[in-house]
Amino acid sequence: MEKTTSYEELIEKIKQLESDVSKYKSIGENLVDKIPYASWIKDTEGKFIYVNEYFASQLNLQTKDIIGKDSYSLFPPEEAMSREDEDKIVLSQKKSKSYEILNNGKWYEIYKAPLLNSKGEVLGIFGMTKDITSEKNKVYSLSREGEFLRALMDNIPDTIYFKDKQSRFTLINKAKAREIGLVSPDEAIGKTDFDFFDKEQAEQAFQDEQKIFATGIPLINKVEKLKHQDGEPYWVSATKIAIKDELNRITGLVGISRNITYNIQVNKKLREAKEKAEESDKLKTAFLANMSHEIRTPMNGIIGFSNLLKDPDISTEDRDEYISQINSCSNTLLNLIDDIIDISKIEAGQLRIMESETPVIHILKDLYSSFSKIKEQENKFDIDFNLKLPENIEEFTLITDPNRLKQILTNLLGNAFKFTGKGKIEFGLMPDITKTVVFYVKDTGIGIPEDKKDVIFDRFAQVFDPGFKGQKGTGLGLAICSNLAKLLGGSIRVESQYGKGSAFFLELPYNPGSKGKMVTVKNKLKPSFSWEGKQLLIVEDERINQIYLREILKKTGASISWASNGKEAIEMHSSMQDIDMILMDLKMPEIDGYQATRRIREKDSSVIIIAQTAYAMQDEREKCIQHGCNDYVSKPIQKDQLLELMNKYLTT
Ligand code: ADP
């Protein structure tokens, strides 16, 4: 049977319902009161009919002080007006609205909604305001960080790029755009390395990246050789790291690459320099061992033959032979010393060139006769030695350093004789003399292996040839020659076939000088010198040199006075009025030759002074001229050279 509800029960239920409603109403009001949003309700006239505690606290008021008031009595006029304007819009449109405002340095999010009855008539307006300053600041600082990062990315010289898991670019910086030839970084989005690099390079990068996606292991500083679009190679150090989302899943990668082409090139140069230094160290060691041999051999000759000369019973023939051996050994030693001095000067950049009008054919003929003599002396009958000159050329001059030209050709000829057991040696001039003059020395000797053709011009370099016995030398000759050739404005090159022979070519610029081209020179007879009536003063402190000079000058008929130091020379010059020429030694005790020359020159500008320089060094010679000497002759003095030089001054 259906249970009927009694009146009491109904009353009880209604009371229960009222209590529930008021409970929920008070919970609702409490909730709205306590939330940290300013909430309010206004009637249609703009008067507050409800505000929550938070709203009141923002204005430093009690809720009861606000109820019944309008915006104009609570806020500054401008703010009140803008609040009212917004309210009007909501009420007229009967639609809720939310917007943000900045007020007194704080950001607020405002929500307004019309309160409508069931018929849709406006009863009032509800509003809620939230302080969003801290969120706003977060967003602002995030966007600022973004800007910083963008600025950093675009101004850094390294290339930076982001790729998705298909290795497609999702973002690149300006440096990367420049590297792959794009005007704007945006053009790369969605493209891959295959669009910008050749297949091989792109494939390698793709493989690397797929490995990173599969394993998560980054690629750190991998050196990659790449090619610009014009084919020019460059190197980068590439780092690629996987990017993960909040669930630790790989979504792509970020890559950063630094161009290290400069470092690679510098390292390569350093490595080459190191290898060269090590090689040169090895060569130096070999050079010292060689040098010791090169010095000992002629020294042994000199000491040995000098001792033989002590024997009172030797025949004239033997004596001449011993003396000629001593001479030859001494010359070898002198040449060695000259080479060492030259190479040191070249390395110190101090070797200077003294250019003058140089009679080329005369020099070649002189060389031919000297080497012919050497060939005879050394019994090299199996060598056919020739000088070949272009037809119709008697003589021509060249502005160059005659001594250095002779030195280079002497060296090349010396080598040709040294490395040719039997066969042919020919030297001379190439016929075409237009812009350059090309001298050559050809032999049919042992030849030079292909891979050694450049090396032989390095100092101390020698090619060891097992089939060739008795190789002598220091490895300095060609280094000196090629440096000298450069100083003369030219160059030396070699053509050679191993086992068949070599040809060295010295090419000098053709600078014909004032005498012009192709001057005919008359054949000279060996001159005899006659200086009757000439007064010579010889300044020399070494007795052995005095004896030698006396012998040389004996037949010239000149009167000779002797001084054994600078002081005596000055005194004799001022006491004797008629001295025509002074032969001045430079290295002497008390007053040396330079000082003596200067003091004599102060009083006498016409006397001829010829210096005897002990070292065949160019600056020594220049120093003589600066101190007032007219000319110089190098020691050891060669008889013909001295007489010709003296004759030049005594007969003009
Ligand atoms: P060296 O004093 O040892 O001769 P060089 O500098 O003159 O020094 O020559 C260097 C090396 O070049 C020689 O040791 C030799 O191996 C090679 N060479 C030079 N000239 C010739 C040549 N005409 N024929 C063959 N080899 C040569």
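Just above, that's the structure.
Residues numbered from 1 in each chain as written. Predicted model: local features only at pLDDT ≥ 70, side-chain atom pairs only at ≥ 80, totals over all residues. Heavy atoms only, no water.

Draft legend 1. Examining the site of the ligand more closely. Residues in contact with the ligand amount to 21 residues; listed here are only the nearest, N415, K418, D443, Q462 and L478. In this structure, G477 approaches the ligand through a main-chain N or O atom, which is 3.3 Å from an oxygen atom. A distance of 2.7 Å separates an oxygen atom of the ligand from a polar atom in the backbone of L478. When the ligand is considered free in solution it has 530 Å² of accessible area, and contact with the protein chains removes 97% of it. When residues of the shell around the ligand are traced back to their parent elements, those giving at least two are α12 (402-418), α13 (477-487) and β17 (501-509). (Near = heavy atom within 4 Å. Polar contact = N/O pair within 3.5 Å; in protein donor to acceptor, adjacent residues only side chain to side chain. Areas by Shrake-Rupley, 256 points an atom, 1.4 Å probe, with all protein chains shown as cover. Helix = DSSP H or I, 4+ residues; strand = E, 2+ residues; numbered from the N terminus.)

Draft legend 2. Fine view of the packing of helix α10 (residues 316-347) against α13. Running from amino to carboxyl end, α10 crosses α13 at an angle of 50 degrees, the nearest separation of the two axes being 10 Å. As far as their axial angle goes, α13 and α10 are oblique. Read as a crossing pair, α10 and α13 show a hand that is left-handed. Facing α10, whose interface residues are D339, D342, I343 and I346, α13 presents A479, I480 and N483. Here the contact of α10 with α13 is built from residues that sort into four nonpolar, one polar and two charged. (Axes fitted to C-alpha atoms, helices over the stretch in contact; angles between N-to-C directions. Parallel < 35°, antiparallel > 145°, perpendicular 65-115°, else oblique. Left-handed = near helix turned anticlockwise from the far one by under 90°. Contact = heavy atoms within 4.5 Å. Nonpolar A, V, L, I, M, F, W, Y, C, P; charged D, E, K, R; others polar.)

Draft legend 3. Inspection of a nonpolar patch on the surface at higher detail. Nonpolar side chains collect at one region of the surface, where Y262, V266 and L270 lie side by side and expose about 320 Å² of accessible area between them. For V266, the position within the fold is in helix α9 (residues 261-309). (Patch = residues over 30% accessible without salt bridge, like charges linked within 9 Å, V, L, I, M, F, W, Y side chains within 5 Å. Salt bridge = Lys/Arg side-chain N within 4 Å of Asp/Glu carboxyl O.)

Draft legend 4. Here's a closer look at the sheet that holds strand β16 (residues 491-497). Spatially, five strands are ordered β12-β14-β15-β17-β16 in an open sheet, and the strand pairing comes out mixed. The open sheet has two edge strands, β12 (383-388) and β16, and neither has a second partner. Each adjacent strand pair in this sheet contributes to an overall mean axis angle of 15 degrees, direction not counted. Bridging between β12 and strand β14 (residues 423-429) involves six bridges; their strand directions are parallel. Bridging across to β14, K388 finds its partner in G428. Packed onto the sheet, α12 meets β12, β14, β15 (436-443), β16 and β17 and runs at close to 20 degrees relative to β15. Seen against the sheet, α13 touches β16 and β17 and runs at an angle of roughly 135 degrees to β16. (Pairing = 2+ DSSP bridges.)

Draft legend 5. Structural detail: the pairing of strand β6 (residues 159-164). Counting buried residues in β6 gives five out of six residues, a clear majority hidden from the surface. The sheet contact formed by β6 and strand β10 (residues 250-259) spans six bridges and is antiparallel. Paired with T159 across the two strands is S257, which belongs to β10. For β6 and strand β7 (residues 169-172), the ladder comprises three bridges, and the chain directions are antiparallel. Bridged to F162 within β7 is L171. The turn joining β6 and β7, which pair antiparallel and follow one another in sequence, is formed by four residues; a positive phi near 60 degrees is taken by S167. (Buried < 20%, exposed > 50% of the residue type's maximum accessible area, 1.4 Å probe, protein only.)

Draft legend 6. Representation of empty space enclosed by the protein. Tallied over the full model, the rule gives one cavity of 30 Å³ or more. Its volume calculated, the largest cavity comes out at about 40 Å³. What lines the largest cavity is E179, I180, F196, F197, K227, H228, Q229 and Y234. Looking at the lining of the largest cavity residue by residue, the classes come out as four nonpolar, two polar and two charged. (1 Å grid on protein atoms, 1.4 Å probe; cavity = no way out; pocket = protein on both sides within 12 Å on 5 of 7 lines; lining within 4 Å. Points joined across faces, edges and corners; volume = space filled by probe spheres on them.)

Draft legend 7. Representation of the packing of helix α11 (residues 360-377) against α12 in the model. α12 packs onto α11 with a crossing angle of 35 degrees between their chain directions and a minimal axis gap of 11 Å. The handedness of the crossing between α11 and α12 is right-handed. Contacts from I363, L364, L367, F371 and K375 of α11 reach α12 at P402, L405, K406, L409, T410, L413, G414 and F417. Taken together, the residues of the contact of α11 with α12 sort by class into nine nonpolar, two polar and two charged.

Draft legend 8. Spatial organisation of the nonpolar core. Within the largest apolar cluster, 51 residues are counted, with the highest numbers of intra-cluster contacts made by F396, I408, L429, F439, F504 and L506. A total of seven residues in this core trace back to one element, the largest contributor, which is α12. Residues A569, A596, V607 and C624 belong to the second largest nonpolar core, which totals 22 residues. (Core = buried A, V, L, I, M, F, W, Y, C linked by side-chain atoms within 4.5 Å.)

Draft legend 9. Structural view of α12. Here α12 is 17 residues long and its end C-alpha atoms lie 24 Å apart, about the 24 Å a rise of 1.5 Å per residue gives. The buried count for α12 comes to 12 of 17 residues, which makes it a mostly enclosed element. By the N-cap criterion, in which a side-chain oxygen at the helix start approaches the backbone nitrogen of a residue two or three places on, α12 is capped by D401, the distance to N403 being 3.0 Å. (Expected span 1.5 Å × (residues − 1).)

Draft legend 10. Inspection of unusual backbone geometry at higher detail. The phi dihedral of N104 falls on the positive side, at around 50 degrees, and the residue is not glycine. Of note, N104 is situated in the loop between β3 (97-103) and β4 (106-116). Residue classification places N104 among the exposed residues on the basis of a relative accessible area of 76%. Here the phi dihedral of N221 falls at roughly 45 degrees; this positive angle occurs in a residue that is not glycine.

Draft legend 11. Region of the structure containing the pattern of salt bridges. Under the counting rule described, the total for this entry stands at 29 salt bridges. Residue D164 pairs with R168 through a salt bridge whose shortest N-O separation is 2.9 Å. The exposure class assigned to R168 is partly exposed, which follows from its relative accessible area of 35%. Among the ionic pairs, K222 bridges to D208, the shortest N-O distance being 2.9 Å. Of this pair, K222 sits in strand β8 (residues 219-227) while D208 sits in helix α8 (residues 199-215), and the two are 14 residues apart along the sequence.

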